[in-house]
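Report on the structure
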Amino acid sequence: MNRLHGAIRSYRWGSHTVLAELTGRPSPSDRPEAELWLGAHPADPARVDDAGSGVSLFDVISADPHGQLGATNAERFRGRLPFLLKVLAAEEPLSLQAHPNSVQAREGFEREDANGVPLDSPARNYKDDNHKPELVVALTKFEALAGFRDVRRTVALLRALGVAELDRCAEQLAAQTDSSGMRALFTQWITGDKHPAALIGGVVEACRRYLSTMCDGAEGEFAAEAQTALDLGSRYPNDPGVLISLLLNRITLEPGEGLFLAAGNLHAYLRGVAVEIMANSDNVLRGGLTQKHVDVPELLKVLDFRPAPMPVLRANGDGRDNRHLYHTPEAEFELTRLHLDTSSNGASSSAATLGAGAPRIVLCTAGSTVLSSPGASLELSAGQSAWLPASNPAVTLAPAQQHAEVFVATTGSG
Ligand SMILES: [Zn+2]
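Residues numbered from 1 in each chain as written. Predicted model: local features only at pLDDT ≥ 70, side-chain atom pairs only at ≥ 80, totals over all residues. Heavy atoms only, no water.

To continue, consider the coordination of the zinc ion. Summarising the metal site, the zinc ion is bound by the protein donors Gln97 (OE1), His99 (NE2), Glu134 (OE) and His267 (NE2), whose distances to it range over 2.1 to 2.4 Å. Here the zinc ion is ringed by four donor atoms whose angles at the metal span 86 to 163 degrees, and the overall shape comes out irregular. Counting along the primary sequence, the residues that act as donors to the zinc ion give the motif Q-x1-H-x34-E-x132-H. Linking histidine 99 in the loop between β7 (96-98) and α5 (102-114) with histidine 267 in strand β12 (residues 267-279), this pair joins segments that are 168 residues apart in sequence. Judged by its relative accessible area of 1%, histidine 267 falls in the buried class. (Donors = N, O, S within 2.8 Å, 3.2 Å for Na, K, Ca; no water. Tetrahedral: all angles 85-135°; square planar, octahedral: opposite > 155°, others 65-115°. Helix = DSSP H or I, 4+ residues; strand = E, 2+ residues; numbered from the N terminus. Buried < 20%, exposed > 50% of the residue type's maximum accessible area, 1.4 Å probe, protein only.)

In structure tokens:
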């Protein structure tokens, strides 16, 4: 096992303090820091600290895929680490986006290659031929929009805002409550038919009115939805994403709660700090709320318009070894959260064992933990991480002092 140093990615929606403080660097940082990448993505691999020298995890795995990943994983995932673990620090909303399924990703990647769109072009949608399901687990309160809301609730929201054009849209939705009704309204708004610029302004005003007319302390039924549209409207005044936000589930995750985003799920993370794990892909189709490349026709091809509530994942744990697993159907990744505690008199502490045979990234997010295996030990404090190759013997984790919160990423059983 080796200490792992993640790669910091700077995007404009990032935080100047969160990742700097988490990883023990001077805070505030010069640039906004959005993501800490812990993985072997060729664009920005983490570095393995081997006797003081930093070696790219991508190179370490490429040199010995069987030893690092285990024989089965090496065959199954073509010698690559199939997941990417991140810490996200969103100070501002991220773009409105969705990710393709495997068939769409392969087809899109080959098509853009055939059309000669360079891999590093900002207009390139498909950077690789992989799907990108993702699971996000909140470290702080985490706000998001994800998936199309149940139609009856959306109709009620549109009517509650008191805008004539929205009333008409509500009628249209109420008359066709399935995914094709949602697709029709979404397409009408995002492709700019029927003068959405005027409608966006009207909706922002209506949200302001809705929030101001609430009586003292009483929260309107759609206060969070109206506040979100108002915030997005002040950042992106002419962006149809402001309207689209009214169609999506508005979700608040408490620390420890998770959200799984399957292919085709339209989402926008709004604010908060989270651990995120995904298939090792960079395929994003954007619909707005960004200055990056937006491709509406391509987005329309992959979106899942079925209206449904988004289940919030509460980790399943057996309570005995404080091990909590977030269930997803994916083969590429599995994420577990461990809570390790020392009893108040210091006489006993909880421990967890990670068996040999699987590649793992261990990330400590609170307190500190000691990893031990025969002949080796490594202490991780909050913000630090380690790479455990499949060839490593079993590792035991215990709290270094009172308490530790630890995330363990590995390949899935799905
Ligand atoms: Zn995403």
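Attention shifts here to the packing of helix α7 (residues 164-175) against helix α8 (residues 179-190). It is the contact of α7 with α8, at a shortest axis distance of 9 Å, that shows an interaxial angle of 150 degrees. The pairing of α7 with α8 is recorded here as roughly antiparallel in orientation. For the pair α7 and α8, contact is made by Glu165, Leu166, Arg168, Cys169, Gln172 and Leu173 and by Gly181, Met182, Ala184, Leu185, Gln188 and Trp189, respectively. Residue classes in the contact of α7 with α8 are distributed as seven nonpolar, three polar and two charged. (Axes fitted to C-alpha atoms, helices over the stretch in contact; angles between N-to-C directions. Parallel < 35°, antiparallel > 145°, perpendicular 65-115°, else oblique. Contact = heavy atoms within 4.5 Å. Nonpolar A, V, L, I, M, F, W, Y, C, P; charged D, E, K, R; others polar.)

What follows is about the pattern of salt bridges. Any two side chains of opposite charge can pair, on the condition that their charged atoms come close. Tallying each qualifying case throughout the model produces 21 salt bridges. One salt bridge in this structure joins lysine 86 and glutamate 35, with 3.3 Å as the shortest N-O distance. Of this pair, lysine 86 sits in strand β6 (residues 83-90) while glutamate 35 sits in strand β3 (residues 35-39); the two residues are 51 residues apart in sequence, bridging distant segments of the chain. No difference in accessibility class separates lysine 86 from glutamate 35, as the two residues are buried. Of the charged contacts, one joins glutamate 143 and arginine 250 as a salt bridge, the two residues approaching to 2.8 Å between their closest N and O atoms. (Salt bridge = Lys/Arg side-chain N within 4 Å of Asp/Glu carboxyl O.)

For the bond running from serine 27 to proline 28, omega is 0 degrees, close enough to zero to count as cis. One non-glycine residue, arginine 78, lies in positive phi territory at about 50 degrees. Take arginine 78: it is sitting in the loop between α4 (71-76) and β6. Although it is not a glycine, leucine 289 sits at a positive phi angle of roughly 55 degrees. Residue placement: leucine 289 occurs in the loop between β13 (285-288) and α12 (296-302).

Quick look at the nonpolar core now. One finds Phe148, Leu158, Leu166, Phe186, Trp189 and Leu266 to be the most contacted residues of the largest nonpolar core, which totals 53 residues. With eight residues, helix α9 (residues 196-212) is the single largest residue contributor to this core. Mapped onto the domain boundaries, this core takes at least three residues apiece from domain 1 (2-145 + 253-303) and domain 2 (149-247). Ile61, Phe83, Phe333 and Trp387 belong to the second-largest nonpolar core, a separate cluster that totals 32 residues. (Core = buried A, V, L, I, M, F, W, Y, C linked by side-chain atoms within 4.5 Å. Domains from an automatic or database assignment.)

On the secondary structure map, alanine 409 appears in strand β22 (residues 395-410). Between the alpha carbons of alanine 409 and arginine 152 there is a distance of 38 Å; along the sequence they are 257 residues apart. Those residues in contact with alanine 409 that sit more than four places away from it in its chain are Phe83, Leu85, Ile277, Glu334, Leu335, Pro359, Arg360 and Ile361.

Looking only at helix α6 (residues 151-160), the buried set comprises Val151, Thr154, Val155, Leu157 and Leu158. The buried residues of α6 occupy an angular sector of 160 degrees when the element is viewed end-on, so they sit on one face. As for α6, its buried residues are in contact with α7, α8 and α10 (223-235). Phi for glycine 162, located one or two positions after α6, is positive at around 65 degrees. (Arc of directions from axis to C-beta.)

Glancing now at the domain arrangement of the chain. Here the chain is described as being made up of domain 1 (2-145 + 253-303), domain 2 (149-247) and domain 3 (316-410). The C-alpha centroid of domain 2 is placed 30 Å from the C-alpha centroid of domain 1. Each partner contributes residues to the interface: domain 1 has 15 residues there, and domain 2 has 14 residues. Carbon and sulfur atoms supply 71% of the area that domain 1 and domain 2 bury against each other, a total of about 1200 Å² over both sides. (Buried area = accessible area lost by both parts, 1.4 Å probe.)

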